Amino acid sequence: MRDAAFAGNVLAHWEKATRGVNQQPRRASSPPQTAGTCHGERVLLLIDHLDIGGAQRHVLDLADCLRRRGHDVLVGYTGDAALPSSVDMIRVLPSRVERTASRQLDERVHAIARAWRPRIIHAHLFSSIIAATATGARLGIPVVATHHSGGTWQSPPERRMFESVLPQVARHLAASPQIAASLIAVGVPAHRVDYLPNAVVPPPRPAPARRGPGLRAGVLARLCPDKDPLTAVRAGS
């Protein structure tokens, strides 16, 4: 999927999430790292961390594409950022937080959102979705969540904790049909769940294709339905 088309799809879902939401007036204050001024939406993208990974690459590509379309975007993360990017970013906490609920993360996200006043918070991964819903409820900011996996690593208490915040999300974007079905199965209304495959922008100078004998195609990923490894193997073969 082309990055522009993907960004357009995400914007359409943001419109659905914000429709009918009464928000407090925006303030003119800026976050610790000032984002550029533009006439589009002000969007806070949250992700647990920016280590090398598909969800992380997706978030930075999405942020860059939205910025080029005229939106004011700030990416919040914890720990060190392993992936380079030209978008405005803020390290929410110095230490990496992932796969857990964090009161400290909740408070920092709340402070950033209160100062910057985003129109929408778009959260990715476990910890960020929990923190985003807490902030959204306190400040009246709609939250969109992208679910990149089925959460098979979660223990029963972790799963219950995560499911408890799902009703506070205005719109759920699932990276696979299996993830979408699992959200509906735990009680998320079907009209608030959409299947939207991730898009990764190809590099400007991809490696040249090699043809002939000896070419091997493979994929490195978890062997589970939501990663759909067979499609990647077929595409590269």
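Residues numbered from 1 in each chain as written. Predicted model: local features only at pLDDT ≥ 70, side-chain atom pairs only at ≥ 80, totals over all residues. Heavy atoms only, no water.

**Observations regarding the overall build of the chain**
Put simply, the rule reads: Helix numbers and strand numbers start at the N terminus; a helix is a DSSP run of H or I with at least 4 residues, a strand a run of E with at least 2. Relative accessible area decides the class of each residue, using a 1.4 Å probe on protein chains only: under 20% of the type maximum gives buried, over 50% gives exposed, and in between gives partly exposed. The criterion used for residue contact is that any of the two residues' heavy atoms lie within 4.5 Å.
When helices and strands are tallied, the chain shows 7 helices and 7 strands. When the helices and strands of the chain are read in sequence order from the N terminus, they spell out α-β-α-β-β-α-β-α-β-α-β-α-β-α. Relative to its 237 residues, the chain shows a buried fraction of 44%. In the chain, the share of contacts with a sequence separation of at least 24, taken over all contacts with a separation of at least 6, comes to 65%.

**Concerning helix α4 (residues 126-139)**
Which entries qualify depends on this criterion: One less than the number of residues in a helix, times 1.5 Å, gives the span that helix is expected to have.
Compared with an ideal rise of 1.5 Å per residue, which puts 14 residues at 20 Å, α4 spans 20 Å between its outermost C-alpha atoms and is within 8% of the ideal. Among the 14 residues in α4, 11 count as buried, and that is most of the element. Buried residues of α4: F126, S127, S128, I129, I130, A131, A132, T133, T135, G136 and L139, and no others. Residues of α4 that are buried in the fold lie against β1 (42-50), α3 (103-116), β4 (120-124), β5 (143-147) and α5 (156-165). Positive backbone phi, approximately 70°, marks G140, located one or two places after α4.

**Concerning the environment of N198**
Mapped onto the secondary structure, N198 falls in the loop between β7 (193-195) and α7 (229-236). Sequence separation between N198 and A175 is 23 residues; the distance between their C-alpha atoms is 5.9 Å.

**Quick word on the packing of aromatic side chains**
In plain terms, the rule: Aromatic pairing here means that ring centres of Phe, Tyr or Trp (its six-membered ring) are within 6.5 Å. Orientation follows from the plane angle: under 30 degrees is stacked, over 60 is edge-to-face, and everything else is tilted.
Taken as a whole, this structure holds 2 aromatic pairs when the rule is applied. Geometrically, the ring pair formed by F126 and W153 is edge-to-face, given 5.2 Å between the ring centres and 70° between the ring planes. In this pair, F126 is assigned in helix α4 and W153 in the loop between β5 and α5, connecting sequence segments 27 residues apart. Since its relative accessible area comes to 5%, F126 is described here as buried. Arranged with centres 5.2 Å apart and planes meeting at 20°, the rings of F126 and F162 form a pair that is stacked. Pair noted here: F126 is in helix α4 and F162 is in helix α5, with a separation of 36 residues, a long-range link. Both residues of the pair, F126 and F162, count as buried. Taken together, F126, W153 and F162 form an aromatic cluster joined through their ring pairs.

**Considering the side chain of H122**
Rules: By the criterion applied in these results, polar contacts are pairs of N or O atoms within 3.5 Å in which, for protein atoms, one can donate a hydrogen and the other can accept it, and in which residues neighboring in sequence qualify only through two side-chain atoms.
Position of H122 relative to the elements: it lies in strand β4. A polar contact is formed between the side chain of H122 and the side chain of H124, at a distance of 3.4 Å.

**Points about the sheet that holds β7**
Using the following cut-off: For two strands to be treated as a pair, DSSP must find at least two bridges joining them. Lines are fitted to the C-alpha atoms to define the axes, a helix being fitted only along its stretch in contact, and any angle between axes, read from their N-to-C directions, falls within 0 to 180 degrees.
Taking strand neighbours across the sheet as the criterion, the 7 strands line up as β3-β2-β1-β4-β5-β6-β7 in an open arrangement whose pairing is parallel. Single-partner strands in this sheet number two, and they are β3 (89-93) and β7. This sheet shows a mean twist of 25° between the axes of neighbouring strands, independent of strand direction. Note that strand β6 (residues 171-174) and β7 share 3 bridges and pair parallel. By the bridge assignment, H172 is partnered in β7 with V193. Across the sheet, α3 lies against β1, β2 (72-81) and β3, angled at about 145° from β3, the strand it touches most.

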